[in-house]
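# Structural characterization, general
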Amino acid sequence: MEAPLAERIRPQHLSEYISQLHLVGEHGSLTHQIAKGIIPSLILWGPPGTGKTTLAQIMAQESKRPFYTLSAINSGVKDIREVIEKAKQSGGLFTAKNPILFIDEIHRFSKSQQDSLLAAVEKGWVTLIGATTENPSFEVIPALLSRCQVYILNSFSKADLEQLLQRAIENDVVLKSKNIQLIETEALLRLSGGDGRKLLNIFELIVNATDIEPIEITNEKVMQLVQKNTVLYDKTGEQHYDIVSAFIKSIRGSDPNGAVYWLARMIEGGEDVKFIARRMLILASEDIGNANPTALIMANNTFQAVTTIGYPESRILLSQCAIYLATSAKSNASYLAIGKAQQLVKQTGDLPVPLHLRNAPTKLMKELGYGNEYKYAHDFENNFAEQEFLPDELQNNVLYEPGNNPREKELRTFLKNRWKDKYGY
């Protein structure tokens, strides 16, 4: 059986590797280590289809080390111990060339499975390279995470994806024998979502579905053929992020019917309950915020509860939370406020804290005026005293703009009563 296109054109050397220049470019944080063959245990964290597996294989090849691989989807503690035993025999202890053990989807390993890796990593029997699409701070146990460096891979850019397509047309043994004309790429790139593997799979599907040459790739042809070849939800595959995107957008759009439908798609696909609950937790703050602060409490309680309960009962809790969030008032004011504040910090740098806001724990600091003229709010009527809380250069900057919903309208009135015309509330 012929291997998929993505596998056929997988890079074998670092010089062929596309993107991630911050890691493997001329001044990349991994470039020097790979060249010297001194590779630490590490976690590669990034979206699907960004080259995590490929990078691990190249590291092993360039450093001339034995390479063992496990998938967290179908490997247990027994499999881990067997591979570690083989690695010990092939690499020897405490050598610079100890074998690389690559674990795909390491965030899906249970605590006991991750525990079984600790001794091998600690004693240098293997160099662990884990790949994850989830934040390792949440999904990798602290003892293992502290023994690994974390490197972040970015989604492919438009230029990266187009380069990937050109490489496939020019280098693949099957495609280069065909007359392929890449007329339009927008639909291909949009459907890929920055996932290189997904892009190549769709591209191969289009090419194989066309019998007449030249094979002209247009946006219309791509959309027609892809819609006829939809795939079932796969929690480890390409639709994983498409489905959760539809789920979040349904909640954001206040449609409980869409939210529950996409939730059911994830549940039937066996999606991790924590993954679903965590997405709702983020949404409760990003898209609802102070329009209904109880939403964050509800989402957090749901996350804690489903972590304890698991399937099948947790589907009921997830449904309740999704419906609650979908039918809640919406506001992204807090999300926008922190974005504006971060941008302001980047533009203005480390401005000094005004003297009246500084802490004064020593006599010298008090003599220098630290804390002078600070007005303790509780000493004034309504627990409010008008004073400046921003650096002098940033006075009157408005970062929080209350949303247009009943609760935040009350917040706007509260702020206007306190600050009058200062911030224009």
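Before reading on, note that the structure itself is shown above.
These lines cover the structure that appears in this document, whether it is placed above or below. What you are looking at is a predicted structure, and each value in this text was computed from that prediction instead of being measured.

The rules we used
- Residues numbered from 1 in each chain as written.
- Predicted model: local features only at pLDDT ≥ 70, side-chain atom pairs only at ≥ 80, totals over all residues.
- Heavy atoms only, no water.
- Helix = DSSP H or I, 4+ residues; strand = E, 2+ residues; numbered from the N terminus.
- Buried < 20%, exposed > 50% of the residue type's maximum accessible area, 1.4 Å probe, protein only.
- Contact = heavy atoms within 4.5 Å.
- Core = buried A, V, L, I, M, F, W, Y, C linked by side-chain atoms within 4.5 Å.
- Salt bridge = Lys/Arg side-chain N within 4 Å of Asp/Glu carboxyl O.
- Expected span 1.5 Å × (residues − 1).
- Arc of directions from axis to C-beta.

Turning our eyes to something else, we now look at the overall build of the protein. Regarding its fold elements, the protein presents 20 helices and seven strands. Dimensions of the protein, computed from the C-alpha atoms along their principal axes, are close to 80 × 55 × 45 Å. Counting the 425 residues in the protein, one finds 44% classified as buried. Sequence separation of 24 or more characterises 72% of the internal contacts of the protein that already satisfy a separation of 6 or more.

Turning next to the nonpolar core. Membership of the largest hydrophobic core comes to 28 residues, with the highest contact counts inside it found for Phe247, Ile251, Leu263, Ile276, Met280, Leu318 and Leu325. Breaking this core down by element, the ones donating at least two residues are α13 (240–252), α14 (256–268), α15 (273–288), α16 (294–309) and α17 (314–326). The element that contributes the greatest number of residues to this core is α15, accounting for nine residues. With residues near it in sequence (within four places) discarded, Ile251 still touches Ala259, Met280, Leu283, Ala322, Leu325, Ala326 and Lys330. Grouped together as the second largest cluster of nonpolar side chains are 26 residues, Ile18, Leu165, Leu200 and Leu225 included.

For the coordinates displayed, the defined rule picks out 17 salt bridges. A salt bridge links Glu139 to Arg278; the nearest nitrogen and oxygen atoms lie 2.6 Å apart. Taken as a pair, Glu139 in helix α7 (residues 136–139) and Arg278 in helix α15 lie far apart in primary sequence, 139 residues in all. Here Glu139 and Arg278 have matching classes, each one buried. Ionic contacts of the salt-bridge type, sharing partners, join the residues Glu134, Glu139, Lys274, Arg278 and Arg279 into one network.

Once that is clear, we can look at helix α20 (residues 406–419). The terminal C-alpha atoms of α20 lie 20 Å apart, and with 14 residues this matches the ideal 20 Å at 1.5 Å per residue to within 8%. When α20 is considered as a whole, its buried residues turn out to be Glu408, Leu415 and Trp419. Down the axis of α20, the sector holding all buried residues measures 15°, keeping them to one side. Exposed residues lying more than 90 degrees from the buried face of α20 are Pro406 and Glu410. In the stretch just after α20, Lys420 is the one whose phi turns positive, near 55°.

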